[in-house]
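# What the coordinates show
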Amino acid sequence: MRNQLGISAFASTMADIVFRGALSHGVSKGTNMLLFGGLAAVIYFAMKRAILAGDTTSFAWKGRNPWLLVYWPLAGLTLILLQTRFIGGN
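Overview of the structure. Source: prediction; values computed, not measured.

Quick notes on the rules
Residues numbered from 1 in each chain as written. Predicted model: local features only at pLDDT ≥ 70, side-chain atom pairs only at ≥ 80, totals over all residues. Heavy atoms only, no water. Core = buried A, V, L, I, M, F, W, Y, C linked by side-chain atoms within 4.5 Å. Buried < 20%, exposed > 50% of the residue type's maximum accessible area, 1.4 Å probe, protein only. Helix = DSSP H or I, 4+ residues; strand = E, 2+ residues; numbered from the N terminus. Contact = heavy atoms within 4.5 Å. Phe/Tyr/Trp six-rings, centres within 6.5 Å; stacked < 30°, edge-to-face > 60°.

### Quick look at the nonpolar core
- Leu 5, Phe 36, Ile 43, Trp 67 and Tyr 71 are the most contacted members of the largest nonpolar core, which totals 14 residues.
- Where this core is concerned, the elements lending two or more residues are helix H1 (2-24), helix H2 (33-52) and helix H3 (66-87).
- Once you skip the residues sitting within four places of it in the chain, Leu 5 turns out to touch Ala 40, Ile 43, Tyr 44, Trp 67, Leu 68 and Tyr 71.

Below is the structure:
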């Protein structure tokens, strides 16, 4: 769980750097890793107790990495919001 969220936070940061360079020709130094790392940490600590207790029956997806199913839509929304900030203006 922790490794998957860490890898996802890293992948989100790389996607942000690539998208910012391609879409807005801006420069990113990876400081948005704090946003994605914070999102991963919040999801980890919010879901850890239920996952470790084996209470995955309460999740509709029944144990299929529910932390990633929560993380990626939020990370995708964050990526879109970060890009709209840079595309429109200089």
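### Focus on the packing of aromatic side chains
- Summed over all chains, the structure comprises 2 aromatic pairs.
- Here the aromatic rings of Tyr 44 and Phe 45 are separated by 5.0 Å at their centres, their planes lie at 75 degrees, and the arrangement is edge-to-face.
- For Phe 45, a relative accessible area of 61% translates into the label exposed.
- Look at Tyr 71 and Trp 72: their rings are 5.3 Å apart centre to centre, the planes differ by 90 degrees, and that puts the pair in the edge-to-face class.
- A relative accessible area of 35% means that Trp 72 is categorised as partly exposed.

### Let's talk about the environment of Leu 35
- In this fold, Leu 35 is placed in helix H2.
- Among the residues examined, Leu 35 registers a relative accessible area of 44% and is labelled partly exposed.
- Taking the C-alpha atoms as reference points, Leu 35 and Thr 13, 22 residues apart in sequence, are found 8.9 Å from one another.

### A word on the environment of Ala 75
- Position of Ala 75 among the secondary structure elements: in helix H3.
- Under the relative-accessibility criterion, Ala 75 is labelled buried at 0%.
- Along the chain, Ala 75 and Phe 36 lie 39 residues apart, while their C-alpha atoms are 6.9 Å from each other.
- If sequence neighbours within four positions are ignored, Ala 75 has contacts with Ser 12, Phe 36 and Leu 39.

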